Amino acid sequence: DKPDVIILAASDYNAMAERAEKAVAAGIKLLTMDSDVNTDVQSCYIASDNVEIGRAMGRLMVQRLPEGGEIGILIHGNSSSANDRVRGTLEVLEQTGGFTVVGTYDCNDDRNRARIFTAQLLREHPDLAGIVCVNEVCNIGAADYIAAYAADRNIQLIGCDSSKTQVRYLEQGIIQGIVIQQPFNMGYMSVKSA
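1. Here's the deal with the side chain of Ser163
Right, on to step 1. Along the chain, Ser163 turns up in the loop between strand E7 (156-160) and helix H6 (164-172).
Right, on to step 2. Judged by relative accessible area, which is 15%, Ser163 ranks as buried.
Right, on to step 3. Not counting residues up to four positions away in its chain, the partners in contact with Ser163 are Glu136 and Ile140.

2. Digging into a nonpolar patch on the surface
Right, on to step 1. On the surface, a cluster of nonpolar side chains totalling about 390 Å² of accessible area is made up of Phe184, Tyr188 and Met189.
Right, on to step 2. With respect to the element layout, Tyr188 can be found in helix H7 (residues 183-193).
Right, on to step 3. For Tyr188, a relative accessible area of 49% translates into the label partly exposed.

3. A few points about the sheet that holds E7
Right, on to step 1. Read from one edge of the open sheet, five strands run E5-E4-E6-E7-E8, paired in parallel fashion. Of all the strands in the sheet, the pair left with one neighbour each is strand E5 (99-106) and strand E8 (177-179). Averaged over neighbouring strand pairs, the angle between their axes works out to 20° when direction is ignored.
Right, on to step 2. One ladder, built from five bridges, connects strand E4 (residues 69-75) with strand E6 (residues 128-133); its direction is parallel. The residue bridging Ile73 from the neighbouring strand is Val132, located in E6.
Right, on to step 3. Sheet strands touched by helix H4 (residues 111-124): E4, E5 and E6. Its angle to E5, the strand with the most contacts, is close to 150°.
Right, on to step 4. Where helix H5 (residues 136-149) meets the sheet, its contacts fall on E4, E6, E7 and E8, and the angle it forms with E7 comes to roughly 155°.

4. Focus on the sheet that holds strand E2 (residues 29-33)
Sheets are built from strands paired through backbone hydrogen bonds, the pairs being either parallel or antiparallel.
Right, on to step 1. If you trace the three strands from one edge of the open sheet to the other, you get E1-E2-E3, paired in parallel fashion. Every other strand in the sheet has two partners, leaving strand E1 (5-8) and strand E3 (44-46) as the edge strands with one partner each. Within the sheet, the average angular offset between the axes of one strand and its neighbour, ignoring direction, is 20°.
Right, on to step 2. Here E1 runs beside E2; their pairing, made up of four bridges, is parallel.

Parameters at a glance
- Residues numbered from 1 in each chain as written.
- Predicted model: local features only at pLDDT ≥ 70, side-chain atom pairs only at ≥ 80, totals over all residues.
- Heavy atoms only, no water.
- Helix = DSSP H or I, 4+ residues; strand = E, 2+ residues; numbered from the N terminus.
- Buried < 20%, exposed > 50% of the residue type's maximum accessible area, 1.4 Å probe, protein only.
- Contact = heavy atoms within 4.5 Å.
- Patch = residues over 30% accessible without salt bridge, like charges linked within 9 Å, V, L, I, M, F, W, Y side chains within 5 Å.
- Areas by Shrake-Rupley, 256 points an atom, 1.4 Å probe, with all protein chains shown as cover.
- Salt bridge = Lys/Arg side-chain N within 4 Å of Asp/Glu carboxyl O.
- Pairing = 2+ DSSP bridges.
- Axes fitted to C-alpha atoms, helices over the stretch in contact; angles between N-to-C directions.

Okay, structure coming up:
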């Protein structure tokens, strides 16, 4: 219906670019929020500093594993927020040294896929020391599996966001740390900017 403004939280950095450009070409203002899109037609981008969120997750992992170790990373798709969080995490782990990232696994924002990848990580890497999960869904899926099948493995599980389920797993010691952003503020500032 050709709105005046679209606020877009792109779940895929590349897939939404062409549609975003078509909207702007049609005279619709575009703001991106939370996760950006691979174009420069948007009027503004409102988000957390996702690279810094990644760095914070990396620092939490270093605190939990000062000697280093094998780490897996669970991501939630090809969004700019996921990619930036991975970049920040890797930056800290590489600067610290002693860490080996055994792989990055795309859960596609699916809790069950996060469980499956966690099982795969633990099976294929018996010396796995930790898992970094770059959003809530990945974090809960990994925690579900660890709580049910691997609580005795002492896997350091670091995540992002702060759902009630994550907090419960944090209190139980299944998740060792979470980095919290302020998504309400992103939405508020986006609507105010629009």
